[in-house]
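Now for the letters of each chain:
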Amino acid sequence: MGPNVDAAFTKNLPKIELHAHLTGSITPQCLHEIRTQRRSDDPDLTLQDPLEAMSKDKTWNIMTFFPLFSKYIYELCSTPASIIYSTNAVLRDFKEDGVVYLELRTTPRSSSSMSKDDYVNTILSCIDSSPDRNVLTTYLILSIDRRNSPKEAMEVVDLAIKYRPSGVVGVDLCGDPSKGDVSTFKEAFHRAKLHGLKITLHFAEISASSSLPELKTLLSFKPDRLGHVIHVPETIQKQIEEEQLGLELCISCNVQARLVEGDVADHHCMSWIKTGCPVILCASIPVPNPSQWLISGCRRTMSVSLPVN
Ligand SMILES: [Zn+2]
């Protein structure tokens with residue numbers, strides 16, 4: 001008989017998290033504290049309280065959480081102080097969840113008070129100066145958003161190359177899967193590969209982003225890992241299996257965001273585990289209902305993780 005798999009066991013289990021969006025990992029309570037602080041500096045700040053805007057009584061799915069991120073949370077966390085406060089809180093939360101190795105991902109963004117370069121540098125400084133760095137090893141993945149122009153995508157790769165010695169290990173493709181033309185990012189991912197950066201891609205999240213041409217284009221970027229892999233046609237599944245790509249399967253995200261039908265027990269992870277591809281169970285974007293977050297856990301040895309050294 002194995003140990004009882006209860007909340008305490010799961011929390012104490014040393015875990016690896018490879019698919020965590022920095023901004024998506026900030027709790028509503030932390031965002032509430034940031035809003036309180038920002039309103040004390042600027043009483044004219046009109047943003048709604050996160051505890052209301054992200055209420056668990058609302059219906060969250062892929063159509064509702066992307067606008068929440070791109071309009072609301074990005075605006076709230078747009079100052080150096082809010083980036084530092086939220087990054088430190090996220091690192092602390094992962095450590096308290098028993099995560100020992102973490103790859104955080106984020107799309108570099110600028111605001112009136114910081115450049116994209118400042119943004120990346122600020123996050124890396126938080127990681128570097130974290131009081132928990134001896135128990136939680138953290139690296140950064142920079143994300144290209146599907147709505148980015150080819151020039152913006154190249155800017156992300158340039159930042160990843162610049163900050164590779166400081167802990168950036170890879171480049172990701174993320175964002176609203178109903179938007180953008182992935183073929184425009186070919187050059188950017190090629191450049192990332194040339195410079196030794198690893199590549200992970202959000203892959204076949206919804207049927208609209210799962211056409212054969214799109215999936216073939218994405219595989220032509222020579223990714224090391226793929227996230228989600230939900231609506232994958234058989235020919236593409238064969239190629240993924242042949243290339244033994246690492247798969248980041250995000251069960252709680254998929255179920256809560258209704259990307260898959262049914263419940264946790266119906267998730268497609270078992271069909272991928274049978275292919276022999278390295279599989280890791282991840283948390284991904286926690287839909288704003290902390291009580292339902294599933295703590296991630298490593299299911300198989302991850303043979304294609306992305307450490308820099
Ligand atoms: Zn994701």
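You'll find the structure just up there.
To start, this report covers the structure provided alongside it. This structure is a prediction, so every number in the text was calculated from the model and none was measured.

So, on to the coordination of the zinc ion. Distances from the zinc ion to its protein donors, His19 (NE2), His21 (NE2) and His202 (NE2), fall at 2.1 Å. Here the donor residues for the zinc ion map to a single chain with the spacing H-x1-H-x180-H. Remark: His202 occurs in strand β5 (residues 198-203) and His21 occurs in strand β1 (residues 15-21); sequence separation between them is 181 residues. When sorted by exposure, His21 lands in the same class as His202, which is buried.

Bringing the nonpolar core into the picture now. Counting residues in hydrophobic clusters, the biggest one holds 87 residues, and the most contacted among them are Ile144, Phe203 and Ile240. Setting aside anything within four residues of it in sequence, one finds Ile240 in contact with Phe203, Leu219, Leu226, Val229, Val232, Leu245, Leu247, Trp272 and Cys277.

In this section: the pattern of salt bridges. Close approach of charged atoms lets side chains of opposite charge pair. Within the structure shown, the criterion is met by 15 salt bridges. Note that Glu103 is salt-bridged to Arg225, the shortest N-O span being 2.9 Å. On the criterion of sequence distance, the pair formed by Glu103 in strand β2 (residues 99-106) and Arg225 in strand β6 (residues 225-228) is long-range, its members being 122 residues apart. The same class applies to Glu103 as to Arg225, namely buried. Between Glu214 and Arg146 there is a salt bridge whose closest N-O contact spans 3.0 Å.

The buried fraction of β5 amounts to five of the six residues, a majority that puts the element mostly inside the structure. After leaving strand β4 (residues 168-174), the chain enters helix α8 (residues 186-194) and then returns to the sheet as β5, a path that is right-handed.

To continue, consider the sheet that holds β5. Strand order in the open sheet formed by eight strands is β1-β2-β3-β4-β5-β6-β7-β8, with parallel pairing between adjacent strands. Because the sheet does not close on itself, it has two edges, and the strands there are β1 and β8 (279-281). Looking at each pair of strands side by side, their axes are set apart by 25° on average, direction ignored. Bridge count between strand β3 (residues 137-145) and β4: six bridges; the pairing is parallel. Note on β4: the bridge partner recorded for Asp145 is Cys174. Running over the sheet, α8 touches β3, β4 and β5 and is turned about 165° from β4. Across the face of the sheet, helix α9 (residues 212-220) comes into contact with β4, β5 and β6 while running at roughly 165° to β5.

The next subject is the packing of helix α7 (residues 150-162) against α8. Between α7 and α8, the least distance of the axes is 8 Å, while the angle of their chain directions is 10°. What the angle tells us is that α7 and α8 run roughly parallel. Judged by residue contacts, Ala153, Met154, Val157, Asp158 and Ile161 of α7 engage Glu187, Ala188, Arg191 and Ala192 from α8. Looking at the contact of α7 with α8 residue by residue, the classes come out as six nonpolar, no polar and three charged.

Within the structure shown, the criterion is met by zero disulfides. Between Cys77, a free cysteine, and Cys30, which holds the nearest cysteine sulfur, the sulfur-to-sulfur gap is 7.1 Å. Exposure remark for Cys77: the relative accessible area of 1% places this residue in the buried category.

Note that Ile73 resides in helix α4 (residues 62-76). Given a relative accessible area of 1%, Ile73 falls into the buried group. Sequence separation between Ile73 and Ala53 is 20 residues; the distance between their C-alpha atoms is 9.8 Å. Discounting residues that sit within four places of it in the chain, Ile73 has contacts with Thr23, Leu31, Met54 and Leu68.

A separate point is the side chain of Ser210. By the element assignment, Ser210 lies in the loop between β5 and α9. In this structure the side chain of Ser210 is engaged in a polar contact, spanning 2.7 Å, whose partner is the backbone oxygen of Ile206.

Before going further, it helps to examine the packing of aromatic side chains. Tallied over the full model, the rule gives two aromatic pairs. Their ring planes at 15° and their centres at 4.9 Å tell us that Phe189 and Phe221 sit as a pair that is stacked. Of this pair, Phe189 sits in helix α8 while Phe221 sits in the loop between α9 and β6, and the two are 32 residues apart along the sequence.

Calculation criteria
Residues numbered from 1 in each chain as written. Predicted model: local features only at pLDDT ≥ 70, side-chain atom pairs only at ≥ 80, totals over all residues. Heavy atoms only, no water. Donors = N, O, S within 2.8 Å, 3.2 Å for Na, K, Ca; no water. Helix = DSSP H or I, 4+ residues; strand = E, 2+ residues; numbered from the N terminus. Buried < 20%, exposed > 50% of the residue type's maximum accessible area, 1.4 Å probe, protein only. Core = buried A, V, L, I, M, F, W, Y, C linked by side-chain atoms within 4.5 Å. Contact = heavy atoms within 4.5 Å. Salt bridge = Lys/Arg side-chain N within 4 Å of Asp/Glu carboxyl O. Right-handed = clockwise from strand over helix to strand, strands pointing away. Pairing = 2+ DSSP bridges. Axes fitted to C-alpha atoms, helices over the stretch in contact; angles between N-to-C directions. Parallel < 35°, antiparallel > 145°, perpendicular 65-115°, else oblique. Nonpolar A, V, L, I, M, F, W, Y, C, P; charged D, E, K, R; others polar. Disulfide = S-S within 2.5 Å. Polar contact = N/O pair within 3.5 Å; in protein donor to acceptor, adjacent residues only side chain to side chain. Phe/Tyr/Trp six-rings, centres within 6.5 Å; stacked < 30°, edge-to-face > 60°.

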